[in-house]
Amino acid sequence: MTPAQTTRLDRPGLAPGLPLWRRLLLSEYLVLFLTVVYVAGMALIVPEILAADTWRDILAAMIPLLIVAIGQMFVLVVAGIDLSATSVLAFSSVLGAAVITMDGGPLVGMPAFLVVAVGILAFMAVGGAVGAFNGACTTRFNMPPFIVTLTTMMFFSGAAIWVTTLLTDDGSSIGSLPREFVFIGQGRVFELPFSLLIALAVGLLAHVALSHSLFGRWLFAIGINPNAAAVSGVPVRRTMFWAYVISGACAGLAAVIYTARLETGTPVLGQRILLDVVGAAVIGGVSLFGGKAKVLWVVFGALFLTVVDKGLQLLGLSLAGVFAIKGGVILLAAIVDAQRQRLKGRG
Amino acid sequence: MKLARREFTIGSLLAAGTAGLPIMVKAQEGKTVALLFDSLVSPFWVSGLEIMKEKGKANGWELLENISNFDDNKQFEQVKAMIARKVDGILIIQTDSKAVIPAIRAANEANIPMVHFNRPPAESDAYSVAIQADNRQITRDTVQFMVDEAKRRGGQYKACILIGDLGDVNAIQRRDGFFDIVDQNQDIIEVVARVATEWNADKAFAGLMNALQANPDINFLFTSSDFMHPQIQQVLETFDMWKKRDEEGHVIFGGFDGDDGAYQRIVDGYLDACGVQNLFLEVDMAFQAFQDMWAGKKPEKLLMDPGFVITQENKDQVRDEMWGYIVWEKNGGKPISG
């Protein structure tokens, strides 16, 4: 299936003549609409959710999650999954921070731009390397992606802690990062997070790669039917391999932003956001079974989850309350999505 | 697509418009303080939160809660959310002492006082106040009691220490306090096992099991936190070494924290001494720090809780200061934790 075909599947629901609620339910903007409804509801209790500062924070919080989720989308579209994305965050955070730290790091005394450039490359290279390993195991040895990435998740999570223990006195984290690097995560341009520029670039590249390139068509073809794709001449193994590399590199790039925000390379970075990473893509509309994806959907999914989190943080409820509300909101979104699929099925 | 976009815009505006309706804002009297915990995994933190709620309520404060589940980035987001809510103070228990620094800076910029409870941040130019137990001294006092007990009983001792997560300064200070005393008494005590638990009860269980298999003559045991007592008891029972003080084969046993389980074991005679963090005092110190900062004062960056040691000898005199005893008493004279 091509991206054009994917879009056609969404169109029947938008046909004029259908009731408004049904057209909305079938619209690709549904998740965005649910976000607006959630914000409106929350604003009744915590009006601060409407403040410009809050939205700047939401944007800053969403950007690294979005970048990892976009990487995840490339794997999901070929009916794979990358569970190691969170351990890539941790491992590249530690190794990247070790390279650029001004506390005895190898680049002390070098020009700032060089330190930052080498640092970003180091973060992304670590992520890309883990992705390449995942891709090689999945395509060369025909191993299930779930098992491969689960084991690499465990291995690199442990490796991140081990490396930190080796590199630091207290074994906890790596600090003293250069100010120029910290700017990537904390700096502002025209009152917006600087990292937004990175997210826009990643989003644009991902959109072009997915929807306007041969590589993207191969990804969709593999996700729908890998055997048919292979018969049609699609280099299935090579394409899948690169999907995992992209996922790893995106996680490495997200680690740059997370690490810069916290001014610290930490081995527990992102260890508990796996559900958010996969959830952002899936809630947005990316299929877990492959062949259906769009960058815009991932943007909506990441925004939805970030806004839900921010609303609950603003409420300042007990842990039990937070779990109950977050679970309820996501369940509601899932129910709405299920109804949407049912209606789409009917055409 | 044009039609859908227009409809989406109309729908969004309708939904957003509801936010513009007159809103019910709860009347707030007094101060609003955010309590940002990284977890509630041990009785110490659960009790700490309860004490804070009671004392905060008594002060007439509104308390907001957030738990980060050991996620430094999420905790940073929570700090920003509390800044957006314009709270009057932020009490934080961070996971990583360095990763919390941007959060302190953000609070400084918003002119909101921040107090770190039980864990100080790493050195930085940002200003905040940390309340911390004097881990090293309390551990020294606890281990000194254990050594005195060993001397009273006579003989030679093989020691084992369960060490916490060395990324946590509390764990490091407790380990150092243990060795400060043991190293002075090498004539009767030899440390044969150092179990790295990383504050993980399962690792404590497995590590102690291995240590006792390798050294079945261990008879002097210190744990850096009381939450591992159930695992310790289980292992010692397996080796038939779980004995009261007046029984043959008793392992001289010391702990740290002062939870309800520790109090029960003191009463039962299994635990010889326990270093207690004075949770009530620490909460008072934290809240006083807020009041000082609201009054324009600038307290020291690190305020120490001297703590105390509860032993078999003084338990009736000091137990009212032990938070674990209060939990134990409220629970009808039995521990909630294992």
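The rules behind these values
Residues numbered from 1 in each chain as written. Chains lettered and ligands numbered in written order. Predicted model: local features only at pLDDT ≥ 70, side-chain atom pairs only at ≥ 80, totals over all residues. Heavy atoms only, no water. Helix = DSSP H or I, 4+ residues; strand = E, 2+ residues; numbered from the N terminus. Buried < 20%, exposed > 50% of the residue type's maximum accessible area, 1.4 Å probe, protein only. Contact = heavy atoms within 4.5 Å. Areas by Shrake-Rupley, 256 points an atom, 1.4 Å probe, with all protein chains shown as cover. Lys, Arg positive; Asp, Glu negative; His and termini not counted. Charge placed at Lys NZ, Arg CZ, Asp CG, Glu CD. pLDDT = per-residue confidence, 0-100. Domains from an automatic or database assignment. Buried area = accessible area lost by both parts, 1.4 Å probe. 1 Å grid on protein atoms, 1.4 Å probe; cavity = no way out; pocket = protein on both sides within 12 Å on 5 of 7 lines; lining within 4 Å. Points joined across faces, edges and corners; volume = space filled by probe spheres on them. Nonpolar A, V, L, I, M, F, W, Y, C, P; charged D, E, K, R; others polar. Patch = residues over 30% accessible without salt bridge, like charges linked within 9 Å, V, L, I, M, F, W, Y side chains within 5 Å. Salt bridge = Lys/Arg side-chain N within 4 Å of Asp/Glu carboxyl O. Core = buried A, V, L, I, M, F, W, Y, C linked by side-chain atoms within 4.5 Å. Polar contact = N/O pair within 3.5 Å; in protein donor to acceptor, adjacent residues only side chain to side chain.

A.B. asks: Explain the overall build of chain B to me, and be specific about the residues and the numbers.
C.D. replies: Along its length, chain B carries 12 helices and 12 strands. Along the longest, intermediate and shortest principal axes, the C-alpha atoms of chain B span 85 × 50 × 45 Å. The buried share of chain B, taken over its 338 residues, is 57%. Within chain B, contacts between residues at least 6 apart in sequence are counted, and of these 73% link residues at least 24 apart. Total accessible area on chain B is roughly 14,200 Å²; 50% of this is exposed by carbon and sulfur atoms. Of the charged side chains in chain B, 36 are positive and 50 negative, and the gap between their average positions amounts to 7 Å.

A.B. asks: Any details on unusual backbone geometry? Residues and values, ideally.
C.D. replies: Residues and elements named next belong to chain B. Backbone geometry places asparagine 111, a non-glycine residue, at a positive phi of 60 degrees. Along the polypeptide, asparagine 111 turns up in the loop between helix H4 (101-109) and strand S4 (114-117). When its relative accessible area of 67% is taken as the criterion, asparagine 111 is described as exposed. Here the phi dihedral of aspartate 240 falls at roughly 55 degrees; this positive angle occurs in a residue that is not glycine. In this fold, aspartate 240 is placed in the loop between helix H8 (229-238) and strand S9 (252-257).

A.B. asks: Quick one: what's the story with the confidence of the model for chain A, residue by residue and with numbers?
C.D. replies: Per-residue pLDDT for chain A has a mean of 89; in total, 94% of the residues score no lower than 70. The model gives residues 1-13 of chain A a pLDDT under 50, and that stretch makes 23 contacts with residues more than four places away or in other chains.

A.B. asks: Give me the lowdown on the domain arrangement of chain B, citing residues and values where you can.
C.D. replies: All names here are of chain B. Annotation of chain B at the domain level lists domain 1 (32-127) and domain 2 (135-277 + 310-330). For domain 1 versus domain 2, the distance between C-alpha centres works out to 30 Å. Contact with domain 1, which involves nine residues of that partner, is made by 10 residues of domain 2. Of all residues in domain 1, the largest losses of buried area upon contact with domain 2 belong to Pro43, Phe44 and Asn118, amounting jointly to 51% of the total for that side.

A.B. asks: Any chance you could break down the layout of surface pockets for me, citing the residues and the numbers?
C.D. replies: A water-sized probe rolled over the atoms picks out the places where empty space is left. The volume enclosed by the second largest pocket comes to roughly 660 Å³. Forming the walls of the second largest pocket are 24 residues, and the residues nearest its centre are Asp57 and Arg188 of chain A together with Lys80, Ala106 and Glu109 of chain B. Residue assignment for the lining of the second largest pocket shows that the elements contributing at least two residues are helix H4 (52-76) and helix H8 (179-186) of chain A together with helix H3 (72-84) and H4 of chain B. Grouping the amino acids of the lining of the second largest pocket by side-chain chemistry returns 11 nonpolar, three polar and 10 charged.

A.B. asks: Lay out a nonpolar patch on the surface with the relevant residues and their values.
C.D. replies: Residue and element names in this part refer to chain A. Taken together, the side chains of Met110, Phe113, Leu114 and Val118 present a nonpolar region at the surface, about 360 Å² in accessible area. With respect to the element layout, phenylalanine 113 can be found in helix H6 (residues 112-140). Residue class for phenylalanine 113 comes out exposed when judged on its relative accessible area of 62%.

A.B. asks: Now, about the environment of asparagine 69 of chain B: what can you tell me, with residues and values included?
C.D. replies: Note that asparagine 69 of chain B resides in the loop between strand S2 (62-67) and H3. Taking the C-alpha atoms as reference, asparagine 69 of chain B lies 28 Å from aspartate 176 of chain B; in sequence the two are 107 residues apart. Look past the residues within four positions of asparagine 69 of chain B in its chain and what remains in contact with it is Arg272 of chain A together with Asp38 of chain B.

A.B. asks: Describe the pattern of salt bridges, naming the residues involved and giving the relevant values.
C.D. replies: A complete count under the given rule lists 27 salt bridges over all chains for this structure. Measuring nitrogen to oxygen at the nearest pair gives 3.2 Å for the salt bridge that ties lysine 310 of chain A to glutamate 77 of chain B. Of this pair, lysine 310 of chain A sits in helix H14 (residues 295-315) while glutamate 77 of chain B sits in helix H3, which puts the two residues in different chains. Across the pair, exposure class does not vary: lysine 310 of chain A and glutamate 77 of chain B are buried alike. The residue arginine 153 of chain B makes a salt bridge to glutamate 149 of chain B at a minimum N-O spacing of 3.2 Å. Of this pair, arginine 153 of chain B and glutamate 149 of chain B both sit in helix H5 (residues 135-153), separated by four residues, roughly a single helical turn. Among the residues examined, glutamate 149 of chain B registers a relative accessible area of 4% and is labelled buried. Linked through salt bridges whose partners overlap, the residues forming this network are Arg136, Arg140, Arg175, Asp176 and Asp180 of chain B.

A.B. asks: I'd love a proper account of the nonpolar core, names of residues and values included.
C.D. replies: In this structure, Ile67, Ile70, Met73, Phe74, Phe181 and Phe304 of chain A together with Ile90 of chain B are the most contacted members of the largest nonpolar core, which totals 127 residues. With 13 residues, the single largest contributor to this core is helix H12 (residues 236-262) of chain A. Residue contacts for isoleucine 70 of chain A: discarding those within four places in its chain leaves Val202, Gly203, Ala206, Val295 and Val298 of chain A. Formed by 59 residues, the second largest nonpolar core is a distinct cluster that contains Met52, Trp61, Ala286 and Val327 of chain B.

A.B. asks: Which residues make up the side chain of threonine 259 of chain A, and what values do they have?
C.D. replies: All names here are of chain A. Within the secondary structure layout, threonine 259 lies in helix H12. In this structure the side chain of threonine 259 is engaged in a polar contact, spanning 2.5 Å, whose partner is the backbone oxygen of alanine 255. In contact with threonine 259, other than residues within four places in its own chain, are Ser93, Ala97, Phe123, Leu177, Phe181, Thr264, Gly265 and Leu269.

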